[in-house]
Amino acid sequence: MVTQSSSAALDSFSYPFVSNDRRSTLEPIDGILQSVARLPRSEDLAIFQSLPDVKCHVCSKIFESVEFVPGRWGHPGFDMESKTCAACMEKAEIAIHLSEHITKAAIPLRYYNASFETFNTDKDNQATFEFCHNYTLKENKQVGLYLHGPCGIGKTHLAVAVIRAQILKGFSAFFIETPSLLFALRKTFSNDSTMTDEEQLQRYLSYSFLMLDDFGVEKSSEWVRQTLDYIIYHRDARMKPVIITSNLDPEGIKKKHGNRIVSRIKGMCHILKMDGVD
């Protein structure tokens with residue numbers, strides 16, 4: 001037990017090797033810790049954050065330095081050596097191996113080189129061409145395209161050009177003729193099928209972009225209407241666009257498959273009429 005006399009003795013005690021003058025200038029450790037705790041976060045940044053912002057030389061996006069582990073700063077998603085962001089590096093890699101991605105998307109050999117650069121424009125299709133090209137420049141697309149017009153005027157070429165542009169941006173895509181889609185689903189009903197109809201449907205729902213070519217040439221039936229409606233509805237619900245080509249305008253599809261499908265298409269697609277000469 002510390003008595004009053006012992007307390008006084010402690011106050012007068014001289015610490016070895018430390019003069020009375022030196023002790024008087026020392027700040028108690030508790031006070032130092034409290035001062036550090038009161039430092040505002042902005043001052044912490046001023047002390048520890050010394051890395052400047054960087055800019056991708058391809059897309060010009062600015063990357064601020066981030067404290068990715070305590071006390072260490074960097075630019076996640078940015079390669080300092082190439083001065084390129086991860087997204088642009090991925091797009092460059094896709095461009096190098098574009099033929100593999102085109103094959104994976106099941107784009108027919110006839111349209112392997114279909115692009116905006118190889119599309120022949122004229123006064124009849126110029127407006128539609130420009131709309132489709134501008135469409136690919138927009139981000140966060142949730143709306144698709146419905147291209148309709150006579151045979152042989154370049155609808156499929158232009159639609160594939162749209163798909164190609166999305167592949168180059170890193171999106172997944174899949175091309176299929178509408179009759180082929182229905183045939184593939186019917187095959188799942190056979191006993192020797194390796195996939196169920198539900199598994200096949202999920203494939204068509206999984207891609208970022210699904211292109212349905214020659215929509216409307218299929219023979220209508222209750223099963224066909226229900227199947228097409230299922231695919232269109234669920235892609236719309238997942239905010240995944242469809243790119244559709246057809247010889248029929250929406251009114252023609254309505255007569256063939258009913259108003260339900262047409263209503264969904266109008267709600268999730270830009271309707272574009274194409275004119276031209278075969």
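Residues numbered from 1 in each chain as written. Predicted model: local features only at pLDDT ≥ 70, side-chain atom pairs only at ≥ 80, totals over all residues. Heavy atoms only, no water.

## Comments concerning the overall build of the protein chain
Phase 1: Counting its regular elements, the protein chain contains 13 helices and 11 strands.
Phase 2: Counting across all 278 residues of the protein chain, residues that qualify as buried make up 34%. (Helix = DSSP H or I, 4+ residues; strand = E, 2+ residues; numbered from the N terminus. Buried < 20%, exposed > 50% of the residue type's maximum accessible area, 1.4 Å probe, protein only.)

## Quick word on the confidence of the model for the protein chain
Phase 1: Looking at the protein chain, the pLDDT average stands at 82 and 80% of residues meet or exceed 70.
Phase 2: With pLDDT under 50 throughout, residues 39-48 is counted as low confidence; its partners more than four residues away or in other chains account for five contacts. (pLDDT = per-residue confidence, 0-100. Contact = heavy atoms within 4.5 Å.)

## Observations concerning the sheet that holds strand β8 (residues 173-177)
Phase 1: Reading across from one edge, β8-β9-β10-β7-β11 is the order of the five strands in this open sheet, with parallel pairing throughout. Edge positions in the open sheet fall to β8 and β11 (269-273), since each of these has one partner strand only. Looking at each pair of strands side by side, their axes are set apart by 15 degrees on average, direction ignored.
Phase 2: With three bridges connecting them, strand β9 (residues 209-213) and strand β10 (residues 242-246) associate as parallel partners. Bridge assignment links Leu210 to a residue of β10, and that residue is Val242.
Phase 3: Contacts from helix α9 (residues 178-187) reach β8 and β9 within the one sheet, and its direction differs from that of β8 by about 90 degrees. (Pairing = 2+ DSSP bridges. Axes fitted to C-alpha atoms, helices over the stretch in contact; angles between N-to-C directions.)

## Thoughts on the nonpolar core
Phase 1: Counting residues in hydrophobic clusters, the biggest one holds 29 residues, and the most contacted among them are Ile107, Phe116, Cys132, Ile163, Ile167 and Ile243.
Phase 2: Of all the elements in the fold, those that place two or more residues in this core are α6 (98-104), α7 (126-137), β7 (144-148), α8 (155-168), β8 and β9.
Phase 3: For this core, the leading source of residues is α8, giving eight residues.
Phase 4: Those residues in contact with Phe116 that sit more than four places away from it in its chain are Phe129, Cys132, His133, Thr136, Leu158, Ala161, Val162 and Ala165. (Core = buried A, V, L, I, M, F, W, Y, C linked by side-chain atoms within 4.5 Å.)

## Brief notes about the pairing of β10
Phase 1: β10 sits mainly inside the fold: five of its five residues count as buried.
Phase 2: Residues Val242, Ile244 and Ser246 of β10 are buried on one face, and the alternating residues Ile243 and Thr245, pointing to the opposite face, are buried as well.
Phase 3: Both β7 and β10 contribute to a ladder of four bridges, which runs parallel. Along β10, the bridge assignment pairs Leu145 with Ile243.
Phase 4: Each parallel crossover has a hand, and for β9 linked through helix α11 (residues 222-237) to β10 it is right-handed. (Right-handed = clockwise from strand over helix to strand, strands pointing away.)

## Observations regarding the packing of helix α10 (residues 197-206) against α11
Phase 1: Between α10 and α11, the shortest axis-to-axis distance is 9 Å and the interhelical angle comes to 45 degrees. With respect to α11, the axis of α10 lies oblique. Viewed along their axes, α10 and α11 form a crossing whose handedness is right-handed. The segment α10 lies against α11, with Glu198, Leu201, Gln202, Tyr204, Leu205 and Ser206 engaging Thr227, Tyr230, Ile231, His234 and Arg235.
Phase 2: Each residue belonging to the contact of α10 with α11 can be placed in one class, and the counts come to five nonpolar, four polar and two charged. (Parallel < 35°, antiparallel > 145°, perpendicular 65-115°, else oblique. Left-handed = near helix turned anticlockwise from the far one by under 90°. Nonpolar A, V, L, I, M, F, W, Y, C, P; charged D, E, K, R; others polar.)

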